[in-house]
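The residues making up each chain are set out below.
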Amino acid sequence: MNQKKRTKVLGDIHDKAVKYLTSVDDKSSYIEYRKNFELASDFKKTFDYPIHIDLEIDNVCNFACSFCPIGQPESELGKFYKTKHEIPKEKIFQLIDECKELGVNSIQFSIVNEPLANKDIFEILKYASSKKFDDIFIVSNGSLLNQNKAIKLLDTNIDKIQFSLDAFKEETFEKNRFTKIKKPGLYKKVKENIINFIKLRDKMGKKFPLVRVSFIELEENKDEIKDFENFWNDKVDGIHFQRLTDYKKKVINFDEVKDKVRCNMSNFRLSIKSDGNVRPCCVGYGEKILIGNIFNSSLKDIWDSKILKDFQKMHKEYRSYENKACKECLEHSHIY
């Protein structure tokens, strides 16, 4: 019984990135970044810096999806999103500078939020892009991406954007992905926004940002996977399929696999929440694990801290069961 990846990706978006980069130095840097990412992911090497940072600039989203904490406001995780949190813009700029100085390769400006709902997002992304990281990207639901915002987003020169769709049929989309006040025709609008964005990018002669669409596999949408793939395959740069962490029930017997399973996220990333707390991963259960806070410590100090080093060592040695949140996460994850 082998541990499986939670995700499946169609279309090598990283090969495309290298192909489209125009500078030899940029190509070499990106190849090195992906090489180091794989080394860290496979526990073959731990670096003196996080390769990747998730930065949740605020905890605001115009959607309340059924499988998301925002759509479950009375749940343990959902309660965090009932009160607005936001990292000040000046602090975000400081964090971007700190990431560059530290050697971070990539930053995603979203975790559980809709980045295009933030009034400062374009200024933030443009500043981050100017620092010449290998990978600057966001994950969006696409509903707010009108032509005006599309032009502004293209002007930021970010590297990638992923649109979360999770359905091919309109009725499935509107059952699971919906605004807080339900709006008819939302799925059609989101699809049009994505396609129009790609057309605008191409018309402007740009290769970036590369566009990927994602699909979380659920019981009610699994029969739509092939249609989703066929529709988007010749329109986007990549398709991302993911198995959802099932917060309602266990999907594996952890006692049977505890010496065979481990999580690699803390070996290459830090996730900064909108209240400044730093988590070892971007998964819901990780929100129960506090590594530090950006308002009290530098990213360097957090990455070098004993609490994180012990945490990384625990996972490397297949001792995930020693942390209650990690054990719960793995028990509820489709990894076998």
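In this text the structure is predicted, and so the values were computed from the model without any measurement. (Residues numbered from 1 in each chain as written. Predicted model: local features only at pLDDT ≥ 70, side-chain atom pairs only at ≥ 80, totals over all residues. Heavy atoms only, no water.)

J.: Which parts of the structure should I look at to understand unusual backbone geometry?
T.: Geometrically, the link from Phe-208 to Pro-209 is a cis peptide bond, its omega value of 5 degrees lying close to zero. Of note, Pro-209 is situated in the loop between α7 (186-203) and β6 (210-217). Of note in this structure, Phe-43 is not a glycine but carries a positive phi near 60 degrees. Inspection of the secondary structure assignment puts Phe-43 in the loop between α2 (24-41) and β2 (52-55). Its relative accessible area of 10% is what places Phe-43 among the buried residues. (Helix = DSSP H or I, 4+ residues; strand = E, 2+ residues; numbered from the N terminus. Buried < 20%, exposed > 50% of the residue type's maximum accessible area, 1.4 Å probe, protein only.)

J.: Help me out: how do you make sense of helix α3 (residues 89-102) in this one?
T.: Given 3.6 residues per turn, any residue in an α-helix points the same way as the ones three and four places further on. The first and last C-alpha atoms of α3 sit 20 Å apart over 14 residues, in line with the 20 Å expected at 1.5 Å per residue. Listed as buried for α3 are Lys-91, Ile-92, Phe-93, Leu-95, Ile-96, Glu-98, Cys-99 and Leu-102. Turning to α3, the residues buried within the fold contact β2, β3 (106-108), α4 (121-130), β8 (269-272) and α10 (299-304). Within two residues after α3, Gly-103 carries a phi angle of roughly 110 degrees, on the positive side. (Expected span 1.5 Å × (residues − 1). Contact = heavy atoms within 4.5 Å.)

J.: Looking at this structure, how should I read the pairing of strand β5 (residues 160-164)?
T.: Every regular strand shows the same layout, with side chains that alternate between the two sheet faces. When you tally the buried positions in β5, you get 5 out of 5 residues, the bulk of the element. The alternating pattern of β5 places Lys-160, Gln-162 and Ser-164 on one face and Ile-161 and Phe-163 on the opposite face, and all of these are buried. Bridge analysis of strand β4 (residues 135-140) against β5 gives 4 bridges, and the strand direction is parallel. Bridge pairing in β5 links Ser-140 to Phe-163. Handedness of the crossover is the feature at issue here: the chain leaves β4, passes through helix α5 (residues 147-155), returns alongside β5, and the resulting connection is right-handed. With 5 bridges joining them, β5 and β6 adopt parallel strand pairing. Bridged to Ser-164 within β6 is Ser-214. (Pairing = 2+ DSSP bridges. Right-handed = clockwise from strand over helix to strand, strands pointing away.)

J.: Help me understand helix α8 (residues 225-232), please; the structure alone is not making it clear to me.
T.: Three or more residues of α8 are buried, namely Ile-225, Phe-228, Glu-229 and Trp-232. Burial along α8 is one-sided: seen end-on, the buried residues are contained in an arc of 95 degrees. (Arc of directions from axis to C-beta.)

J.: Looking at this structure, how should I read the nonpolar core?
T.: Taken as a class, soluble globular proteins show a tendency for nonpolar side chains to be buried jointly. Among the nonpolar cores identified, the biggest contains 92 residues, and Leu-55, Ile-107, Phe-109, Leu-153, Phe-197 and Ile-272 are the most heavily contacted of them. At 7 residues, the largest contribution of residues to this core is made by α7. Dropping the residues within four chain positions of it, Ile-272 is found in contact with Ile-53, Asp-54, Leu-55, Glu-56, Ile-87, Leu-95, Ile-111, Asn-277, Val-278, Ile-294 and Leu-299. Membership of the second largest hydrophobic core comes to 5 residues, among which are Ile-252, Phe-254, Val-257 and Leu-330. (Core = buried A, V, L, I, M, F, W, Y, C linked by side-chain atoms within 4.5 Å.)

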